[in-house]
Amino acid sequence: MFNAPRAAQRYGTTSVNGLGGSFVDEDPLATSIYDDPWSSMPSSALPPIHNVRSAFSSVIADATIPELYHRAFAAVDVTNTGEVSVNALTRVLANSSLPAATVDRIVNLVSSKPRVSSHEFYVALALAALAQMGKDISIEQVAALAAENDLPIPTLDINTLQSSSSTSSAPYNSYRQNTMTTIRPPTFASEDPWNVPGYPSQGTYDSSQPRTPSTNGLTSTFAGSGLPRGWWNKQETAEVNILGQQGFILNRYTVYEIKTDRAAPVHRRYSEFVFLWDCLIRRYPFRLLPALPPKRVQRDTAFLEQRRKGLARFLNAVMNHPVIKEDGLLAIFLSEPSLEAWRKHTSISLEEESASKRVDPIEEMSIPSDLEEKLAIVRGKLSPLIEQWQRICILAERMIKRHEAAAVRVPSSLWRTYLPAHFAPPLFSPIPPLDVDAPAGHPDGRGLTSSTVSLLSDSIFPSRMTHLNVNLLDNQADITRLANVLRAIAEVNERCWRGDQCDLCDGVRQGIGQVAIHTQHHSDLLEGRTNVLLHSTLESLKSQRDLYVAMRDLFARHERLAVDNVDRLKKRIDSNSMKLESIKVAQKDGWQEDADRVVVLIEKDQATIASLLNRRVFIRACMWHELRVVLHNRENVLLSKLTQTFTREEQAFADRVLANWLSLGRAVEGMPFE
């Protein structure tokens, strides 16, 4: 029951154009099936997953986690996702001055995956503390100390960790909650179509105040884009961060922090996003407005992170819409410190946009006569476009994950002979590909079978993409583990059996050390590039998909809400006109009062028809504006910008990788042979 999407709300009975009710009956939680990872279907209870994380949570059980553990984890968990990369864990353990072999052993004890959870991280710190004290490092020892609520504290320089984390390349800020400060009320321009003060402290927010009729957004002509020159470089950006959970048991909710250039950061909960969406969709039913990610009771960290990104994409879309960005309620949502308190003393108008705006004659003449044909062309393209862009998002995310977990790959014949327990089979298992052509030489269409595999790197866009086995991906060793092993080899070979100074051993050992250093740097480059791809490039791809989903939803609203009763009113006017003529002919007692009453009904219907006809023109102008100005510009210009940005970033990344290996080549050029 609690997992089902919220039932559609029947909105208030505010009359729009005399039809006696709202035109919009929309459910923001009934999102598209293309909005990963959620859909409009009820979310079923997930089966328990018995994995390494649950095992390590039982290791430390209910023991009190030392403050140093939390500080160390927070220093490297810049995204507040509850997990960090093995590379980040290695950096922390390297700060403990432990031998490389010990660091490698600890890393392999706590995780065989590219990322480690907070519990695994804490167990690793406990193992490091045991190693610093000269004790045996084992999971059983940590469990025994946790049972006594006496987890050991390692010697770490947290300040060094924080400074290194701050200098690393991250495309987003931390989710750390700031101390509450007094926020000065921001001011906004007076050109507000909803007549809302920029920062009202009391009063009403309704449609009774006089408004100056305005035109429908920007002038729509065939020449130009309808947007300011260089608009793609002037996009506003909203940053949405997770501050944490509040409330108790069934009433717990997630608090988000919104940062924009419009005002100081504000805190919002998901229900307030729903409130904003409700109001905007009722005011602007014929505008491109993306859907919200849904609510789920049994939510996990991954779902909350996906929802956070979805909320950020929603805000970025409405903040950059040529018409909606000027909405007064949106300004309040982005600036008011307490939206709940503001709503208590402010009444809100939900009148449709067409009630207060008019289309000027020039814009009306610019609407093409074949608008319906143009819309039909776009409608026919939407389904395949949504499907293909969804596949692009899925494939891109898979390849980014492969980029993150770049691993040592060896032939299958060597798996059991040479690989330690934490290594896994190659990434591509022989299973059918995902709707792609079979590689040359593979008539059966199955995956790669060649034993020639990449040792250190993998292209973000390979020439062939086969089905990705997530379990195999999770169990692969990454480059950081290889760097740890190389450092351990250098330490083991520090002394030669000859006993005296051995130039051959020293030269080879120093060369292996250089390989370890440059391999670790390559891992750092991969991690930084992955963060940019995951939190910038991938979100841009999803925004492109969201645009087409929003256009599909706009067509659905148009079919449902653009209907009116003009024909019925015309028939009623004809009937009342005949009735009026009969009254005048009969001239019975009191016929003048009856005639006046019928005249009033006729005039009222005529005024309603005029309003509805104006609404028809306004709807056509809206659809033309959204098609030509919003959809056409965003689907093309922003995609061009995304492609150019991605190409430049990939070139810069390739240059840094090349420079790293060239540096290694110079460093090992003098390695001795005798």
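In this text, all values refer to a predicted model and were calculated from it rather than measured experimentally. (Residues numbered from 1 in each chain as written. Predicted model: local features only at pLDDT ≥ 70, side-chain atom pairs only at ≥ 80, totals over all residues. Heavy atoms only, no water.)

A.B. asks: Quick rundown of the overall build of the protein chain? Include the residues and the values.
C.D. replies: Counting its secondary structure elements, the protein chain contains 19 helices and five strands. The buried share among the 674 residues of the protein chain stands at 46%. Taking the contacts inside the protein chain whose residues are at least 6 apart along the sequence as the reference set, 79% of them involve residues at least 24 apart. Summed over its atoms, the accessible surface of the protein chain is roughly 34,100 Å², and 55% of this surface lies on carbon and sulfur atoms. (Helix = DSSP H or I, 4+ residues; strand = E, 2+ residues; numbered from the N terminus. Buried < 20%, exposed > 50% of the residue type's maximum accessible area, 1.4 Å probe, protein only. Contact = heavy atoms within 4.5 Å. Areas by Shrake-Rupley, 256 points an atom, 1.4 Å probe, with all protein chains shown as cover.)

A.B. asks: Describe the sheet that holds strand 5 (residues 266–269), naming the residues involved and giving the relevant values.
C.D. replies: Think of a sheet as strands paired side by side through backbone hydrogen bonds, with each pair either parallel or antiparallel. The antiparallel open sheet is built from three strands, whose spatial order is 3-4-5. Lying at the two open borders of the sheet, with one neighbouring strand each, are strand 3 (239–246) and strand 5. When the angles between neighbouring strand axes are averaged without regard to direction, this sheet yields 30°. With four bridges joining them, strand 4 (residues 253–259) and strand 5 adopt antiparallel strand pairing. The residue of strand 5 that forms the bridge with Y256 is R268. (Pairing = 2+ DSSP bridges. Axes fitted to C-alpha atoms, helices over the stretch in contact; angles between N-to-C directions.)

A.B. asks: An account of the packing of aromatic side chains is needed here, citing residue identities and associated values.
C.D. replies: Pairs of aromatic rings are described using the distance from one ring centre to the other and the angle between the two planes. In this structure the tally under the stated criterion is seven aromatic pairs. Relative to F121, the ring of F73 has its centre 5.2 Å away and its plane inclined at 70°; by these criteria the two rings are edge-to-face. Here the residue F73 occupies a position in helix 2 (residues 67–76), and F121 occupies one in helix 5 (residues 118–132), the gap between them amounting to 48 residues. The pair F73 / F121 is uniform in exposure class, with both members buried. Ring centres 6.1 Å apart and planes at 85° place the aromatic pair Y256 and F273 in the edge-to-face group. Of the two residues, Y256 sits in strand 4 while F273 sits in helix 8 (residues 270–283), which places them 17 residues apart along the sequence. (Phe/Tyr/Trp six-rings, centres within 6.5 Å; stacked < 30°, edge-to-face > 60°.)

A.B. asks: Explain the environment of A331 residue by residue, including any values.
C.D. replies: Tracing the sequence through the fold places A331 in helix 10 (residues 328–333). Remark: the alpha-carbon pair of A331 and A263, spanning 68 residues in sequence, is separated by 9.1 Å.

A.B. asks: How would you sum up the state of the cysteines? Please name residues and give values.
C.D. replies: All chains considered together, the criterion is met by zero disulfides. C502 takes part in no disulfide bond, and the closest cysteine sulfur to it belongs to C505, at a distance of 3.5 Å. Looking at C502, the relative accessible area reads 5%, which means it is buried. (Disulfide = S-S within 2.5 Å.)

A.B. asks: Summarise the packing of helix 16 (residues 479–492) against helix 17 (residues 503–561); cite the residues concerned and give the values.
C.D. replies: Helices that pack against each other are described as a pair by the angle of their axes relative to one another and the distance between those axes. Packing of helix 16 against helix 17 leaves a shortest axis separation of 8 Å and a crossing angle of 160°. On the basis of the axis angle, helix 16 is roughly antiparallel to helix 17. Of the two elements, helix 16 crosses helix 17, and the hand of that crossing is left-handed. In contact with I479, T480, L482, A483, L486, R487, I489 and A490 of helix 16, helix 17 contributes R509, I512, V515, A516, T519, Q520, H522, S523 and L526. (Parallel < 35°, antiparallel > 145°, perpendicular 65-115°, else oblique. Left-handed = near helix turned anticlockwise from the far one by under 90°.)

A.B. asks: Quick one: what's the story with the environment of Y69, residue by residue and with numbers?
C.D. replies: Its place among the elements puts Y69 in helix 2. Between the C-alpha atom of Y69 and that of A124, which follows or precedes it by 55 residues, the distance is 9.9 Å. Ignoring any residue separated from it by four or fewer positions in sequence, one finds Y69 in contact with F121, Y122, L125, A126, L151, P152, I153 and P154.

A.B. asks: Pulling in residues and values, what's your account of helix 3 (residues 86–94)?
C.D. replies: Taken across its nine residues, helix 3 has seven buried, putting it largely inside the fold. Those residues of helix 3 lying buried are V86, N87, A88, L89, T90, V92 and L93.

A.B. asks: Provide a residue-level description of a nonpolar patch on the surface, including the pertinent values.
C.D. replies: Together, F248, I249 and L250 make up a nonpolar patch on the protein surface, roughly 480 Å² of accessible area in all. Mapping I249 onto the fold places it in the loop between strand 3 and strand 4. (Patch = residues over 30% accessible without salt bridge, like charges linked within 9 Å, V, L, I, M, F, W, Y side chains within 5 Å. Salt bridge = Lys/Arg side-chain N within 4 Å of Asp/Glu carboxyl O.)

A.B. asks: Help me get a handle on the pairing of strand 4, residues and values and all.
C.D. replies: One face of the sheet, then the other: side chains in a regular strand alternate in exactly this way. Counting buried positions over the seven residues of strand 4 gives six, a clear majority of the element. Note that strand 3 and strand 4 share seven bridges and pair antiparallel. Looking across to strand 4, one finds that Q246 is bridged to Y253. Where strand 4 folds back onto strand 5 in an antiparallel hairpin, the turn is made up of six residues.

A.B. asks: Go over the side chain of E353, please, and point to the residues and values.
C.D. replies: Mapping E353 onto the fold places it in the loop between helix 11 (339–344) and helix 12 (361–366). A residue is classified by how much of its surface remains accessible, and E353, at 2% relative accessible area, is buried. Within the structure, E353 has its side chain in polar contact with the side chain of K357 (distance 3.1 Å). (Polar contact = N/O pair within 3.5 Å; in protein donor to acceptor, adjacent residues only side chain to side chain.)

Read these as layout, nothing more, since geometry by itself doesn't imply function.
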